[in-house]
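For reference, the chains in residue letters:
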Amino acid sequence: MKKGNSHVLKPFDNVNTDYIISGRYKFKISDMKELAKYLFEDISPGFYKKVRAGDYVVAGENFGCGSSREQAPWAIKEAGISAVLAKSFARIFFRNAFNIGLCVVQCDTSKIKDGDAIELDLDRETVINHSKKLKIKTMPIPGLMRRFLRDGGVVEHFRKHGDFKIGQ
Amino acid sequence: MGKTIAEKILSAHAGRDLAAGDIAICKIDFCFGQDGTSSLIIDSFRKSKKKKVFDPGKFCMVIDHSAPSPNTGVSEIHKKIRDFAKVTGVKVYDIGCGVCHVVIPEMGHVKPGSLILGADSHTCTYGALNSLSTGVGSTDLAIALISGKNWFKVPESVKIGINGSLKKGVYSKDIILHIIGDLGSNGCTYNSVEFHGSTLKRMSLDARLTITNMAVEMGAKCGMMEADEKVLSFLRKTSKIRSKITPVTADKDAHYVKTVSYEASKIEPMVAKPHTVDNVTRAAAAKNIKVNEAFIGTCTNGRLEDLKIAHSILRGRKIHGGIRCIVAPASAQIFKDAANLGYIKTFIEAGCTVVAPGCGPCVGTHEGILANGEVAISSANRNFKGRMGNPNAYIYLASPATVAASAIEGRIADPRDHL
């Protein structure tokens, strides 16, 4: 993936789906591009305006905990974020992200500071921190999810193959 | 090696022997969405270019999160849900039916050993009925709707034992808040949490459902319990299930990544302080925090037993002047029963506002949004910043007894002072 700026979230741990996109907006707005304007609004006002296409969201443990709202990964994707890097992810968010074709990667994010220029190399399972001149190993992404990313999400995966293509 | 409940249920639905860590495609017995997630389910379904749902009898949509509709945006979503149902022949539980997690078991969609997906994170509730039920996103749900199946990673299991007798004034909500406070909001991520022990055996099914409902608040995929006579009686009498019921038990030599046990008699009335569910303390230690709004209801604590407990505290009393107390029975059936038993009369006479069965103010879309700086005490399951519609407000979570007692005092109270 291309090089981008890192946006390190505060709070770092337990960023829940209400913080990603508040329940106030998920009912009001069905256009995901419009919804993206309110991304992280309750914890980081003006976040959307700071983001450029290809940037990365960086967080700590249990990113995406809370509700099952798929608007959360959608808002991140539509804001132009390349990938979310976190120490760990909540289960439903993790599934939702790959299902809609948003890349999320588990790695030690403590060595990434806000504004660092970083780059994710999925094939080498590495995050390159250009600002700090260091490489961070990422957890491997299971084969089925890599297929979803390649196909652009699980719906597109289904359209293309007519069924799950597991273990191939 | 023996198997956990989750390993057995997923193996049965994959048609092959599975163990924790395996990834498999499994058949789904039932799936559903609510009004906050169904719009995207419908979009994903249409994008797939499929014309038919896999089995119209195995899917439904429940309009509960903003019901009745508070604005035109929601009204359009509700209309989209109703229109989709007409075209595909699936069932809609419309406004007034109640919260999905209470309506779905009442209507007979849950059986021991079944595999259920819901586009709502608290789908884990039905683990108390010995089913593997878990929350997923809308696209995930759409895949189940198209194909009747989905992919699963078989979870590692955690065994939690709860033994002994609860003290007076202490309820299942206090147990689960205590456990979440102990294990943390990340304590069981991706795990199946099996609850066992003598305390559960003595507990009503209503009380057990509160515990499994909150399994997701420690990151769990599902919360599981074994089925006993109380479960079977509910399934026959309330759910009206006539078909054969086969409970699933864990093997004695099943493997658990973690085993924890709690002594029920040591647990006190608890509250979760803002803004995380694991930020737990004793209610007695939070006394004197003034509240502006008290809320009794939700898929966690809006069942008949919860309303009975609140009624027993509020009967003949008045809520504190200047505060609001909102009561939302969790389903139409519960509303009817609570009316027949005089609980609703108690609430009205005490000065509470009774609203339609549904999620009520819990999700912050209507019916009691907090003002800046206000404090709520709620019987719900989440106290995240902004949850009840205002990021500048503060939410405390507690049992219906603690909420009712707090409504009387106008500040966080220990329910034991009111029993």
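Peer 1: Explain the overall build of chain B here, please?
Peer 2: When its secondary structure is counted, chain B shows 14 helices and 18 strands. In terms of overall dimensions, chain B has C-alpha extents of about 60 × 50 × 40 Å along its principal axes. Out of the 419 residues belonging to chain B, those deemed buried represent 61%. Intrachain contacts of chain B at a sequence separation of at least 6 include 77% that bridge at least 24 residues.

Peer 1: What am I meant to see in the overall build of chain A here?
Peer 2: For chain A, the count of helices and strands is eight helices and seven strands. A globule of 168 residues ought to have a C-alpha radius of gyration of about 15 Å, and chain A, at 15 Å, matches this closely. Summarising its shape, the C-alpha atoms of chain A cover approximately 40 × 40 × 25 Å along the three principal directions. Across the 168 residues that make up chain A, the buried fraction comes to 51%.

Peer 1: Please explain the domain arrangement of chain B as it appears in this structure.
Peer 2: One frequently used descriptor of interface size is the decrease in accessible area upon assembly of the parts. All names here are of chain B. Its domain assignment divides chain B into domain 1 (5-262) and domain 2 (272-418). Look at where the C-alpha atoms of domain 1 and domain 2 centre, and you get two points 24 Å apart. Tallying the contact residues gives 36 residues for domain 1 and 33 residues for domain 2. When contributions to the side of domain 1 that touches domain 2 are tallied by element, the ones reaching two or more residues are α4 (100-106), α6 (172-183) and α8 (205-213). At six residues, α6 tops the list of elements feeding residues into the side of domain 1 that touches domain 2.

Peer 1: How should I be thinking about the sheet that holds strand β5 (residues 115-119) of chain B in this particular structure?
Peer 2: The pairing of strands in a sheet comes from backbone hydrogen bonds and takes either a parallel or an antiparallel form. Residues and elements named next belong to chain B. Reading across the sheet, the five strands line up as β4-β3-β2-β5-β6 and stay open at both edges, with parallel pairing between neighbours. For this open sheet the edge positions go to β4 (91-93) and β6 (132-135), each flanked by a neighbour on one side alone. Mean inter-strand twist for the sheet, computed between neighbouring axes without regard to direction, equals 20 degrees. The pairing of strand β2 (residues 30-34) with β5 spans four bridges and is parallel. From the neighbouring strand, Phe 32 faces β5, where its bridge partner is Gly 118.

Conventions adopted
Residues numbered from 1 in each chain as written. Chains lettered and ligands numbered in written order. Predicted model: local features only at pLDDT ≥ 70, side-chain atom pairs only at ≥ 80, totals over all residues. Helix = DSSP H or I, 4+ residues; strand = E, 2+ residues; numbered from the N terminus. Buried ≥ 20, exposed ≤ 12 C-beta atoms within 10 Å, placed from the backbone. Contact = placed C-beta atoms within 7 Å. Rg over C-alpha atoms; globule rule 2.2 N^0.38 Å. Domains from an automatic or database assignment. Pairing = 2+ DSSP bridges. Axes fitted to C-alpha atoms, helices over the stretch in contact; angles between N-to-C directions.

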